[in-house]
Amino acid sequence: MNPRALRLLVIFAAFFAGLALCLGVIVLAGGGQGGGVTGGIKTAAIGGPFRLIDQNGEPFSDTDLRGKSFLVFFGFTHCPDVCPTTLFEVSEILRALGPDADRTRALFITVDPERDTAPIMKDYLSSFDPHLLGGTGDPAAIAAVAKAYRVYYKKVPLEDGGYTMDHTAIVYLMDKNGRFVAPFSLKRTTEAAAADLRRYL
Ligand SMILES: [Cu+2]
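Parameters at a glance
Residues numbered from 1 in each chain as written. Predicted model: local features only at pLDDT ≥ 70, side-chain atom pairs only at ≥ 80, totals over all residues. Heavy atoms only, no water. Helix = DSSP H or I, 4+ residues; strand = E, 2+ residues; numbered from the N terminus. Buried < 20%, exposed > 50% of the residue type's maximum accessible area, 1.4 Å probe, protein only. Contact = heavy atoms within 4.5 Å. Areas by Shrake-Rupley, 256 points an atom, 1.4 Å probe, with all protein chains shown as cover. Donors = N, O, S within 2.8 Å, 3.2 Å for Na, K, Ca; no water. Pairing = 2+ DSSP bridges. Axes fitted to C-alpha atoms, helices over the stretch in contact; angles between N-to-C directions. pLDDT = per-residue confidence, 0-100. Core = buried A, V, L, I, M, F, W, Y, C linked by side-chain atoms within 4.5 Å. Arc of directions from axis to C-beta.

**Comments concerning the overall build of the chain**
Line of reasoning, step 1. Within the chain, the secondary structure is distributed over five helices and nine strands.
Line of reasoning, step 2. Along its sequence from the N terminus, the chain presents helices and strands in the succession α-β-β-β-α-β-α-β-α-β-β-β-β-α.
Line of reasoning, step 3. Counting the 201 residues in the chain, one finds 41% classified as buried.
Line of reasoning, step 4. Intrachain contacts of the chain at a sequence separation of at least 6 include 69% that bridge at least 24 residues.
Line of reasoning, step 5. Total accessible area on the chain stands at roughly 11000 Å², and carbon and sulfur atoms take up 61% of it.

See the structure below:
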């Protein structure tokens, strides 16, 4: 093979390796959106014990949620779009459940405990459905619960000297025993999502 052909071959190989990598990442990232499809996430390994502080400053743990299926997702109150959208959509689903919403919870755990103290969480969550349960705590407690739920988060400095947070935006559905069921898709009508959640109450 002449050197030029070899170089072309190397370029093509690199391109397809890159493409395969991108597709792999897309499949993994897409897993969170495809209700029931876990996209390579080891389902049995998601969730576990945690100890957090709610938006009223009261401690709570996974055992306090026993007997109730619940949604759980991670975010932060300074989030510009993904978190408020998710909180809004989850609120709509809880509202669609009517009185049955008392039999479930939606847990919003901060990945930014430095800024998201209980009073800040309370203020923020007051704009959404009252069945939402805020979770904050010291950085070690947040790191532990994020690890249990296989959630990635990272502080990203901003030019103005502040920072934002990168974070996993999957909503997890957990059953009455605190076991992971599936990622809970919000890419459907409120009614369809509420009907799906109702099956686990
Ligand atoms: Cu967010």
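Past the structure itself, the notes keep going.
**Structural notes on the side chain of Asp112**
Line of reasoning, step 1. One can find Asp112 in the loop between β4 (104–110) and α3 (118–125).
Line of reasoning, step 2. Look at Asp112 and you get buried, because its relative accessible area is 2%.
Line of reasoning, step 3. With near-sequence residues (within four places) excluded, Asp112 lies in contact with Gly75, Phe76, His78, Tyr163 and Met165.

**Let's talk about the coordination of the copper ion**
Line of reasoning, step 1. Around the copper ion, the protein contributes the donor atoms Cys79 (SG), Cys83 (SG) and His167 (NE2), which lie 2.1 to 2.2 Å from the metal centre.
Line of reasoning, step 2. On the primary sequence, the residues serving as donors to the copper ion are separated as C-x3-C-x83-H. Taken together, the positions of Cys79 in the loop between β3 (69–75) and α2 (82–96) and His167 in strand β7 (residues 163–167) put the pair 88 residues apart, joining distant regions of the chain. Each member of the pair Cys79 and His167 is classed as buried.

**Here's the deal with the side chain of Ser91**
Line of reasoning, step 1. Along the polypeptide, Ser91 turns up in helix α2.
Line of reasoning, step 2. Exposure remark for Ser91: the relative accessible area of 8% places this residue in the buried category.
Line of reasoning, step 3. The contacts of Ser91, once residues within four sequence positions are left out, are Phe128, Asp129 and Leu132.

**Considerations on the sheet that holds β3**
Line of reasoning, step 1. Pairing within the open sheet is mixed, and its five strands lie in the order β5-β4-β3-β8-β9. Each edge of the open sheet carries a strand with a single partner, namely β5 (132–135) and β9 (180–183). The sheet shows a mean angle of 25 degrees between the axes of neighbouring strands, direction not considered.
Line of reasoning, step 2. Strand direction decides the pairing type here: strand β8 (residues 172–174) and β9, joined by three bridges, are antiparallel. The partner of Leu173 across the bridge, within β9, is Ala182.

**Quick word on the confidence of the model for the chain**
Line of reasoning, step 1. Overall, the prediction assigns the chain a mean pLDDT of 86, with 78% of residues at 70 or greater.
Line of reasoning, step 2. Residue range residues 8–39 is modelled with pLDDT below 50. Its contacts to residues more than four positions away, or to other chains, number 20 contacts.

**A few points about the nonpolar core**
Line of reasoning, step 1. Val72, Phe74, Leu107, Leu132, Tyr149, Tyr172 and Phe184 are the most contacted members of the largest nonpolar core, which totals 49 residues.
Line of reasoning, step 2. Sequence-distant contacts of Phe74, defined by excluding residues within four places in its chain, comprise Cys83, Phe108, Ile109, Val111, Val145, Ala146, Tyr149, Val151, His167 and Thr168.

**Here's the deal with helix α4 (residues 139–148)**
Line of reasoning, step 1. Listing the buried residues of α4 in full gives Ile142, Val145, Ala146 and Ala148. One side of α4 carries all its buried residues, which in axial view fall inside an arc of 160 degrees. Residues of α4 that are exposed and angled more than 90 degrees away from the buried face: Pro139, Ala140 and Lys147.
Line of reasoning, step 2. Where α4 is buried, its residues contact β1 (51–53), β3, β4, β5 and β6 (153–157).
Line of reasoning, step 3. Two residues or fewer after α4 comes Arg150, characterised by a positive phi angle close to 55 degrees.

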